[in-house]
Amino acid sequence: VKGIFELGSIKGKIEKFILLKVAGQPNDIKLTARVDIPELVKLEPPTLSWEVGGKPDSKTLRVTIQHDKPVRLTEATVSNPNFEIEKKTITEGREYELVVTPKKLGGRSLAMIRLRTDSEYKRHQRYQAFAMVKPPGR
């Protein structure tokens, strides 16, 4: 029996199942694979938010590398011109801060924060977080 699981961007503890149907057996056999996929790059918080009509204060997204080898944050961009982003290196290859500031809070707004690393693993070379301006109380 061979099972191939596509994990994509899943991280943390997961369970995957395979059901086997055996000829002549009344019940299926359930095989369970339990996997703990560590977060190589941790983003805290994954979404920064402000309220419409509020004060456009800067907020910080922390990027922490949780790998035995250093991984550098090589690029940080934001998809919406209403937001400015400043990258600060705390410890090269280990810890970064992204300071995000909205230019105005007059209405709803959403932006994707795109991050690139120099990780040797392709699936850990790109990450994303979000910045949003939302109605009060939501």
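Being a predicted model, the structure only gives us computed values, none of them experimental.

Cut-offs and rules
Within each chain, residue numbers correspond to sequence positions counted from 1 in written order. Note on the predicted model: pLDDT of at least 70 is required for a residue's local features to be given, and 80 or more for side-chain atom pairs to be given and counted; whole-chain, interface and lining totals, by contrast, use all residues. Side-chain numbers come from the whole structure's heavy atoms, not from hydrogens or water. Only DSSP runs of H or I with at least four residues qualify as helices, and only runs of E with at least two residues qualify as strands; both kinds are numbered from the N terminus onward. Each radius of gyration reported is based on C-alpha atoms, and the globular scaling rule is 2.2 Å times the count of residues to the power 0.38. Remark: exposure states derive from per-residue accessible area (1.4 Å probe, protein chains only) relative to the maximum for the residue type, with buried under 20%, exposed over 50%, and partly exposed in between. What makes two residues a contact is simply this: any of their non-hydrogen atoms within 4.5 Å. Shrake-Rupley sampling with a 1.4 Å probe provides the accessible areas, and residues are treated as covered by the protein chains on show and by no other component. Note that His is not counted, nor are the chain ends; the positive residues are Lys and Arg, and the negative ones are Asp and Glu. Charge positions are represented by NZ for Lys, CZ for Arg, CG for Asp and CD for Glu. Strand pairing is assigned whenever DSSP identifies at least 2 bridges connecting the two strands. Note on geometry: axes are lines fitted to C-alpha atoms, helical ones only across the stretch in contact, with angles between N-to-C directions running from 0 to 180 degrees. Whenever a carboxyl oxygen of Asp or Glu lies within 4 Å of a side-chain nitrogen of Lys or Arg, that contact is scored as a salt bridge.

Caption draft 1: Structural context of the overall build of the protein. Along the backbone of the protein there are zero helices and ten strands. Secondary structure elements in the protein, listed N-terminal to C-terminal, are β-β-β-β-β-β-β-β-β-β. Relative to the globule expectation of 14 Å for 138 residues, the C-alpha radius of gyration of the protein, 20 Å, shows a markedly less compact shape. Along the first, second and third principal axes, the C-alpha set of the protein runs to 70 × 40 × 20 Å. By residue count, 27% of the 138 residues in the protein fall in the buried class. Across the protein, the fraction of contacts at a sequence separation of at least 24, relative to all contacts at a separation of at least 6, is 54%. Within the structure as shown, the protein displays about 9,200 Å² of accessible surface, and the carbon and sulfur contribution to it stands at 50%. Averaging the coordinates of the 26 positive side-chain charges in the protein and doing the same for the 17 negative ones gives two points 5 Å apart.

Caption draft 2: Inspection of the sheet that holds strand β8 (residues 95–102) at higher detail. Spatial ordering of the open sheet is given by β3-β5-β8-β7, a layout of four strands whose pairing is antiparallel. In this open sheet, the two edge strands, each paired with only one partner strand, are β3 (41–44) and β7 (83–91). Neighbour-to-neighbour, the strand axes of this sheet turn through a mean angle of 20°, independent of strand direction. Bridge analysis of strand β5 (residues 59–65) against β8 gives six bridges, and the strand direction is antiparallel. If you follow Thr64 over to β8, its bridge partner there is Glu95.

Caption draft 3: Seen up close, the side chain of Ser119. Inspection of the secondary structure puts Ser119 in the loop between β9 (109–117) and β10 (126–134). Ignoring sequence-local partners within four residues, the contact set of Ser119 consists of Leu40, Val71, His124 and Gln125.

Caption draft 4: Layout of the pairing of β8. In terms of residue burial, β8 counts as a mostly covered element, since seven of its eight residues are buried. Here β7 hands over to β8 after three residues, with Gly93 in that stretch at a positive phi of 80°.

Caption draft 5: Summary view of the environment of Leu110. Of note, Leu110 is situated in strand β9. For Leu110 and Gly12, which are 98 residues apart along the polypeptide, the C-alpha to C-alpha distance reads 27 Å. Sequence-distant contacts of Leu110, defined by excluding residues within four places in its chain, comprise Asn80, Phe83, Phe130, Ala131 and Met132.

Caption draft 6: Broad picture of the pattern of salt bridges. Inspection of every chain in the model, using the stated rule, returns eight salt bridges. Measuring nitrogen to oxygen at the nearest pair gives 3.7 Å for the salt bridge that ties Glu92 to Arg72. One end of the pair, Glu92, is in the loop between β7 and β8; the other, Arg72, is in the loop between β5 and β6 (73–78), and 20 residues separate them in sequence. Judged by its relative accessible area of 45%, Glu92 falls in the partly exposed class. Relative accessible area serves as the criterion here: at 35%, Arg72 is assigned to the partly exposed category. Across the pair Glu75 and Arg116 runs a salt bridge whose closest N-O atoms are separated by 3.8 Å. Here Glu75, found in strand β6, pairs with Arg116, found in strand β9; they are 41 residues apart in sequence, far enough to count as distant.

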